[in-house]
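Observations on chain architecture
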Amino acid sequence: MLFFEVPISAFRWVPPFAQGLVRDLRVRWALEEAGLPYKVRLLRDGEKNSPEYRALQPFGQVPVYEEDGLVLFESGAILQHIAEKSEALMPRDAASRARVIAWMYSALNTVEPPVLNVTTIDLFNADQDWAKMRRPAELAKVETRFTALNERLALQDYLEAGRFTAAEILMVTVLRNLRHCDLVAQYPAIDAYMKRCEARPAFQRALAAQMADFANEAA
Ligand SMILES: N[C@@H](CCC(=O)N[C@@H](CS)C(=O)NCC(=O)O)C(=O)O
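Residues numbered from 1 in each chain as written. Predicted model: local features only at pLDDT ≥ 70, side-chain atom pairs only at ≥ 80, totals over all residues. Heavy atoms only, no water.

1. Some details on the pattern of salt bridges
One pass over the full model with this rule turns up 19 salt bridges. The partner of Arg176 in a salt bridge is Glu198, with the nearest N and O atoms 2.9 Å apart. Linking Arg176 in the loop between α6 (166-175) and α7 (188-198) with Glu198 in helix α7, this pair joins segments that are 22 residues apart in sequence. Accessibility classification places Arg176 together with Glu198 in one group, the buried group. (Salt bridge = Lys/Arg side-chain N within 4 Å of Asp/Glu carboxyl O. Helix = DSSP H or I, 4+ residues; strand = E, 2+ residues; numbered from the N terminus. Buried < 20%, exposed > 50% of the residue type's maximum accessible area, 1.4 Å probe, protein only.)

2. Here we look at the packing of aromatic side chains
Two numbers describe a pair of aromatic rings. These are the distance of the centres and the angle of the planes. Throughout the structure, instances matching the rule amount to 5 aromatic pairs. Aromatic pair Trp29 and Phe164: ring centres 5.8 Å apart, planes at 45 degrees, arrangement tilted. In this pair, Trp29 sits in helix α1 (residues 24-34) while Phe164 sits in the loop between α5 (129-155) and α6, placing the two residues 135 residues apart along the sequence. Exposure class is identical for Trp29 and Phe164. Each is buried. Feature note: the residues Trp29, Tyr158, Phe164 and Phe203 constitute an aromatic cluster, connected by ring pairs. Between Arg196 and the ring centre of Tyr158, over which it is positioned, the NZ or CZ distance is 5.9 Å. One residue, Arg200, lies across the ring of Phe164, its end atom 3.7 Å from the ring centre. (Phe/Tyr/Trp six-rings, centres within 6.5 Å; stacked < 30°, edge-to-face > 60°. Lys NZ or Arg CZ within 6 Å of the ring centre and 35° of its normal.)

3. Digging into helix α3 (residues 75-85)
In an α-helix there are 3.6 residues to a turn, and that puts residues three or four apart on one side. When we look at burial in α3, the residues that qualify are Ser75, Gly76, Ile78, Leu79, Ile82 and Ala83. What you see down the axis of α3 is that its buried residues fit within an arc of 160 degrees, all on one side. On its buried face, α3 sits against α1, β3 (64-67), β4 (70-73), α4 (94-124) and α6. (Arc of directions from axis to C-beta. Contact = heavy atoms within 4.5 Å.)

4. A closer look at the packing of α1 against helix α8 (residues 201-218)
Close contact between α1 and α8 brings their axes to 8 Å; oriented N to C, the two are set at 135 degrees. With respect to each other, α1 and α8 are oriented oblique. Our pair here, α1 against α8, has a crossing hand that is right-handed. In this structure, α1 contributes Asp24, Leu25, Arg28, Trp29, Glu32 and Glu33 to the contact, and α8 contributes Ala202, Phe203, Arg205, Ala206, Leu207, Ala209, Gln210 and Asp213. (Axes fitted to C-alpha atoms, helices over the stretch in contact; angles between N-to-C directions. Parallel < 35°, antiparallel > 145°, perpendicular 65-115°, else oblique. Left-handed = near helix turned anticlockwise from the far one by under 90°.)

5. Concerning α7
Buried within α7 we find Ala189, Ile190, Asp191, Tyr193, Met194, Cys197 and Glu198. Residues of α7 that are buried make contact with α1, α5, α6 and α8.

6. Some details on the site of the ligand
Close contacts around the ligand come from Phe11, Val22, Arg23, Arg26, Lys48, Gln61, Val62, Pro63, Glu74 and Ser75, and that covers them all. The contact in question runs from a nitrogen atom of the ligand to an N or O atom on the side chain of Glu74, over 2.7 Å. For the ligand, an oxygen atom lies 2.6 Å from a polar atom in the side chain of Ser75. Against a free-state accessible area of 510 Å², the protein chains account for coverage of 74% of the ligand. (Near = heavy atom within 4 Å. Polar contact = N/O pair within 3.5 Å; in protein donor to acceptor, adjacent residues only side chain to side chain. Areas by Shrake-Rupley, 256 points an atom, 1.4 Å probe, with all protein chains shown as cover.)

7. Observations concerning the domain arrangement of the protein
On domain assignment, one finds that the protein holds domain 1 (6-88 + 202-218) and domain 2 (94-200). Just the C-alpha atoms count here: the centres of domain 1 and domain 2 sit 21 Å apart. Here domain 1 packs against domain 2, burying approximately 1,900 Å² in sum over the two surfaces, 57% of which is carbon and sulfur. By the criterion of area lost to domain 2, the three top residues of domain 1 are Leu21, Arg26 and Trp29, representing 32% of everything that side buries. In this assembly, domain 1 and domain 2 are joined by 4 salt bridges. Measuring nitrogen to oxygen at the nearest pair gives 2.8 Å for the salt bridge that ties Arg26 to Glu112. The interface formed by domain 1 and domain 2 contains 15 residue pairs in polar contact (both at pLDDT 80 or more). For the side of domain 1 that touches domain 2, the elements supplying multiple residues, two or more each, are α1, α3 and α8. Per-class residue counts for the side of domain 1 that touches domain 2 are 13 nonpolar, 5 polar and 5 charged. (Domains from an automatic or database assignment. Buried area = accessible area lost by both parts, 1.4 Å probe. Nonpolar A, V, L, I, M, F, W, Y, C, P; charged D, E, K, R; others polar.)

As structure tokens, then:
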């Protein structure tokens with residue numbers, strides 16, 4: 001059990017389209033679910049590219065998680081580490097645990113790439129000719145994944161172990177990247193799953209904390 005506040009890194013401010021999506025949200029949510037205290041190291045402009053920060057996160061990204069001499073980057077790895085500490089996020093049974101980890105990879109490796117391709121087109125390149133031509137194919141890839149995920153979630157409330165786990169945090173934060181469009185709403189089981197997970201008090205606290213940091217900076 002951790003009795004001290006672990007530092008995590010986050011951006012001091014991002015534009016509104018990214019607020020509520022930045023990946024430190026995953027870590028905040030996991031720590032909230034686990035009941036572990038944390039404090040946030042808010043990066044100043046340009047600080048992500050400083051040698052000091054690059055020593056912690058080689059790509060200059062957020063989040064970084066620090067705990068008693070251990071420095072971790074990659075939100076998936078951080079979540080797995082936190083989940084190993086807390087049964088709230090990971091079942092103890094070895095087979096279930098392995099399958100939760102499989103779903104964590106699946107969120108990051110199978111679902112997130114096509115989702116981000118559509119998001120990148122919609123949010124940054126919507127006016128470009130290449131984006132208009134490319135979008136239907138990228139959308140089709142998301143639809144293929146969502147059809148399968150929807151079938152699974154029509155049978156069960158959670159991805160694995162019959163309960164909320166760290167896999168939900170990754171899957172839901174991936175799905176949130178599509179909040180600018182109605183794609184998730186077209187898949188009733190995914191939509192209900194997302195709402196079920198986002199209704200959790202731990203998520204609400206994590207989201208409010210991230211948004212409060214941006215609001216403080218803007219004030
Ligand atoms: N795979 C990394 C991705 C981290 C990432 O892309 N973070 C974004 C914020 S959500 C970032 O720091 N972007 C700034 C940059 O890449 O320079 C993870 O999951 O931690």
